[in-house]
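Each chain, letter by letter, is given below.
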Amino acid sequence: MAKKREPTQISVEMIAEQCIAVRLRMLSRAVTRIYNQALRPYSLTTSQMNILVAVSCLGEARQQDVCQALHLEKSTLSRDVVRMRSQGWLDTVPGEDCRTALLRITPVGRKLLEQAIPAWQQAQEQATALLGESEVRTFGRAATTLRVKSQTTRT
């Protein structure tokens, strides 16, 4: 485990070299660029595809459930949902108590998702080639850990 340094000993150079947030954002931008380029012919972004997949897996889902599944802010999801509803990819249906609106993938959205799968697979292969299979497995384990820890803090 790294020895904790006093604040006065931490330098700007150290932050630039070791900051986890900077490194993750850099990797995220590079990988997102690969997926967005592959999905562009479908007028679909990586974020929108992730939302379609999440809603498809959840069935009819509250926005809060999609936010939790994808670790998104509600405002971020809301912006994408507005666009996706206007494209006819998502529907909003009333929940059980009529105060809750549920998201549901439409047949158009499901067809789009199915058509985009080969492009997603191509992007997946490119991202794996860029990062390496071992690192991709490490990201998978980290995502699983995040999911488990966030579920235990919610209950």
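A. Inspection of helix α6 (residues 107–131) at higher detail. In this model α6 runs 35 Å from its N-terminal to its C-terminal C-alpha over 25 residues, within 8% of the 36 Å that 1.5 Å per residue would give. A maximum bend of about 40 degrees is found in α6 at Ile117, where proline Pro118 lies one to four positions downstream. Within α6, burial applies to Gly109, Leu112, Leu113, Ala116, Ala119, Ala123, Ala127 and Leu131. Where α6 terminates, the next one or two residues include Gly132, which has phi positive at roughly 100 degrees.

B. Broad picture of the pattern of salt bridges. Per the stated rule, a full pass over the model turns up five salt bridges. As a salt-bridge pair, Asp65 and Arg62 come within 2.8 Å of each other at their nearest N and O atoms. The partner of Asp91 in a salt bridge is Arg104, and the shortest N-O contact between them spans 3.6 Å. Within this pair, whereas Asp91 is found in strand β2 (residues 90–94), its partner Arg104 is found in strand β3 (residues 101–105), the two being separated by 13 residues in sequence. Within this structure, Glu60, Asp91 and Arg104 form a network of salt bridges that share partners.

C. Region of the structure containing the nonpolar core. Counting 28 residues, the largest nonpolar core has Leu44, Leu52, Val55, Val66 and Leu90 as the members making the most contacts within it. Counting residues per element, the ones that place at least two in this core are α2 (20–39), α3 (46–58), α4 (63–70), α5 (74–86), β3 and α6. If one sorts the elements of this core by residue count, α6 sits on top with seven residues.

D. How the structure looks around the environment of Trp120. As for its placement among the helices and strands, Trp120 is situated in helix α6. Between the alpha carbons of Trp120 and Ala38 there is a distance of 6.7 Å; along the sequence they are 82 residues apart. Excluding anything up to four places from it in sequence, Trp120 contacts Tyr35, Leu39 and Met49.

E. Examining the layout of surface pockets more closely. Estimated volume of the largest pocket: approximately 1,700 Å³. In this structure, the largest pocket is lined by 38 residues; those nearest its centre are Ser28, Val31, Asn50, Leu70 and Ala143. Elements supplying a minimum of two residues to the lining of the largest pocket: α2, α3, α4, α6 and α7 (133–154). Residue contributions to the lining of the largest pocket peak at 10 residues, all from α7.

F. Region of interest: the environment of Tyr42. Relative to the helices and strands, Tyr42 is located in the loop between α2 and α3. Leaving out residues up to four positions away in the same chain, Tyr42 has contacts with Trp89, Leu112, Gln115, Ala116 and Ala119.

Analysis parameters
Residues numbered from 1 in each chain as written. Predicted model: local features only at pLDDT ≥ 70, side-chain atom pairs only at ≥ 80, totals over all residues. Heavy atoms only, no water. Helix = DSSP H or I, 4+ residues; strand = E, 2+ residues; numbered from the N terminus. Expected span 1.5 Å × (residues − 1). Bend = angle between axes of the 7 residues up to and from the residue. Buried < 20%, exposed > 50% of the residue type's maximum accessible area, 1.4 Å probe, protein only. Salt bridge = Lys/Arg side-chain N within 4 Å of Asp/Glu carboxyl O. Core = buried A, V, L, I, M, F, W, Y, C linked by side-chain atoms within 4.5 Å. Contact = heavy atoms within 4.5 Å. 1 Å grid on protein atoms, 1.4 Å probe; cavity = no way out; pocket = protein on both sides within 12 Å on 5 of 7 lines; lining within 4 Å. Points joined across faces, edges and corners; volume = space filled by probe spheres on them.

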